[in-house]
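Next come the chains, spelled out residue by residue.
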Amino acid sequence: MNSYAFFTDSDSDLPFRFVDELELDMVYMPYMVDGKEYFDDLGRNGKEKEFFDAMRGGAAPVTSLLPTAAYEEYFEPVLASGRDILFAAFSSQLSGTIQNIYAAREELLQRYPERRMIVVDTLSISLPQSILVLKAHELYRQGKTMDEVAAWLEENKSRSQAFFTVDDLAYLRRGGRISAVAATVGTMLDLKPIITEGKNGKLLSMDKVRGRKQALRTLAELAAQNIDDPAEAEMYVLHADAPQDAERLVQLLREKIPGLNQISVRYVGPVIGAHCGPGTVAVCFFGKERPY
């Protein structure tokens, strides 16, 4: 057993089978639908389509910060057992949650001054975060020290990339990402935003293109420009209940990137999906440094 535990959170959209197979320590993030609280189970219940159908029917899921006390409940048993903690957290630029992690760390290290806890801000969310976690966890399983694994994450986090488009601008408007006027005009003109996770961990609207087909082509082109070694790369297509568009994007990626090793197709989780809405499609991969 390692002298430290490796934690991450469910905003990584890491499929539950990896959590089970790797015995990875996971913090599960909350969301609410129609006033009832749930925790993202990473697809274990198989109800992703049901979640997005509810959104199409008018449900308005709400996400919230996990309180400091909840983080303490996750972390204290590990520290009390004599082990340290490495936490790979989702981007600090997309939520204030990381401040509660820091607060929990400060409180717990006062109780356990002989212990250590390193928090790495991955500047990522969803599959780009998963990609980093899986690569770093391989080093963890090899017996690398906590400092070595944390250093790898810091050095490589800007190489984990995502480009995505949404189907309905109303969800970005509701989340304050765009104005009501921009959403209305964009819908009238059938404009589809092309969004990426930027170097600083914020979501960046790179472009707007006309129509869904052009949006998918643009995602494939951006992936082709930013992938590193296609023969070694693992690429992921995420979708929020848009399987046909996801498969079309897979075809485009194979056309644009000859020799591409592997493409996996997965659902967007409910916490991320609450903000981007049904029909979102993304391509995620580990490649060159983020260009924006």
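In the block above lies the structure referred to throughout.
Since the model is a prediction, treat every value here as computed from it, not as a measurement.

Undergrad: It is not clear to me how the pattern of salt bridges should be interpreted in this structure. Could you clarify?
TA: Working definition: two side chains of opposite charge can pair if their charged atoms are close together. Under the counting rule described, the total for this entry stands at 18 salt bridges. Two residues, glutamate 21 and arginine 17, come together in a salt bridge whose shortest N-O distance is 3.4 Å. Note that glutamate 21 and arginine 17 are positioned in helix H1 (residues 16-22) at a spacing of 4 residues, about one turn of the helix. Lysine 192 is paired through a salt bridge with aspartate 167; the nearest N and O atoms lie 3.6 Å apart. You can see lysine 192 sitting in strand E9 (residues 191-197) and its partner aspartate 167 sitting in the loop between strand E8 (160-165) and helix H7 (170-174), a full 25 residues away along the chain. Judged by its relative accessible area of 8%, lysine 192 falls in the buried class. Residue class for aspartate 167 comes out partly exposed when judged on its relative accessible area of 38%. What you see here is one network of salt bridges that share partners, running through Lys49, Asp53, Arg56 and Asp241.

Undergrad: Even after reading the chapter, I still don't get the pairing of E8, so can you show me in this structure?
TA: Most of E8 is tucked away, with 6 of its 6 residues classed as buried. Here E8 shows no split at all, with Ser160, Ala162 and Phe164 on one side and Gln161, Phe163 and Thr165 on the other all buried. Inspection of the sheet shows E8 paired to E9 by 2 bridges, in the antiparallel sense. Looking across to E9, one finds that phenylalanine 163 is bridged to threonine 196.

Undergrad: I keep staring at the packing of aromatic side chains and nothing clicks. Help me out?
TA: The geometry of an aromatic ring pair comes down to the distance between the two centres and the angle between the two planes. This structure, assessed with the given rule, holds 13 aromatic pairs. Aromatic pair tyrosine 31 and tyrosine 38: ring centres 5.6 Å apart, planes at 20°, arrangement stacked. Owing to a relative accessible area of 9%, tyrosine 31 belongs among the buried residues under this scheme. By way of ring pairs, the aromatic residues Tyr31, Tyr38, Phe51, Phe52 and Tyr267 are connected into one cluster. Geometry around phenylalanine 286 places lysine 135 over its ring, the cationic atom sitting 4.9 Å from the centre.

Undergrad: Looking at this model, I keep getting lost on the sheet that holds strand E4 (residues 36-39). Mind explaining?
TA: Read from one edge of the open sheet, 3 strands run E4-E3-E5, paired in antiparallel fashion. Two strands close off the open sheet at either side, each with one partner strand: E4 and strand E5 (62-63). Two strands pair when backbone bridges link them, and strand E3 (residues 30-33) and E5 are joined in this way by 2 bridges, in the antiparallel orientation. Residue pairing across strands places methionine 32 opposite valine 62, the latter belonging to E5.

Undergrad: What is the right way to read helix H5 (residues 127-141) from this model?
TA: For an α-helix the count is 3.6 residues per turn, leaving residues at separations of three or four pointing the same way. In a regular helix each residue adds 1.5 Å, so 15 residues correspond to 21 Å; H5 covers 20 Å between its end C-alpha atoms and thus fits that length. In terms of residue burial, H5 counts as a mostly covered element, since 12 of its 15 residues are buried. When we look at burial in H5, the residues that qualify are Leu127, Pro128, Gln129, Ser130, Ile131, Leu132, Val133, Leu134, Ala136, His137, Leu139 and Tyr140. Positive phi shows up at glycine 143, right after H5, with a value of about 95°.

Undergrad: Would you take a moment to explain the sheet that holds strand E12 (residues 262-267) for this structure?
TA: Strands belonging to one sheet form pairs held by backbone hydrogen bonds; the direction of such a pair is parallel or antiparallel. Strand order in this open sheet of 6 strands is E10-E9-E8-E13-E11-E12, and the pairing throughout is mixed. With one partner strand each, in any of the chains shown, strand E10 (203-210) and E12 form the two edges of the open sheet. When the angles between neighbouring strand axes are averaged without regard to direction, this sheet yields 20°. Here E8 runs beside strand E13 (residues 281-286); their pairing, made up of 6 bridges, is antiparallel. Residue pairing across strands places phenylalanine 163 opposite valine 283, the latter belonging to E13. The strands touched by H5 are E8, E9, strand E11 (234-239), E12 and E13; relative to E13, the strand with the most contacts, the crossing angle is about 25°.

Undergrad: What's the story with the state of the cysteines in this structure? I'm lost.
TA: In protein chemistry, a disulfide is the covalent bond that joins the sulfur atoms of two cysteines. According to the stated counting rule, one finds 0 disulfides in the structure shown. Cysteine cysteine 276 shares no disulfide, and the gap to the nearest cysteine sulfur, in cysteine 284, comes to 11 Å. According to the relative accessible area criterion, cysteine 276 is buried, its value standing at 7%. A relative accessible area of 2% means that cysteine 284 is categorised as buried.

Reading guide: rules and limits
- Residues numbered from 1 in each chain as written.
- Predicted model: local features only at pLDDT ≥ 70, side-chain atom pairs only at ≥ 80, totals over all residues.
- Heavy atoms only, no water.
- Salt bridge = Lys/Arg side-chain N within 4 Å of Asp/Glu carboxyl O.
- Helix = DSSP H or I, 4+ residues; strand = E, 2+ residues; numbered from the N terminus.
- Buried < 20%, exposed > 50% of the residue type's maximum accessible area, 1.4 Å probe, protein only.
- Pairing = 2+ DSSP bridges.
- Phe/Tyr/Trp six-rings, centres within 6.5 Å; stacked < 30°, edge-to-face > 60°.
- Lys NZ or Arg CZ within 6 Å of the ring centre and 35° of its normal.
- Expected span 1.5 Å × (residues − 1).
- Axes fitted to C-alpha atoms, helices over the stretch in contact; angles between N-to-C directions.
- Contact = heavy atoms within 4.5 Å.
- Disulfide = S-S within 2.5 Å.

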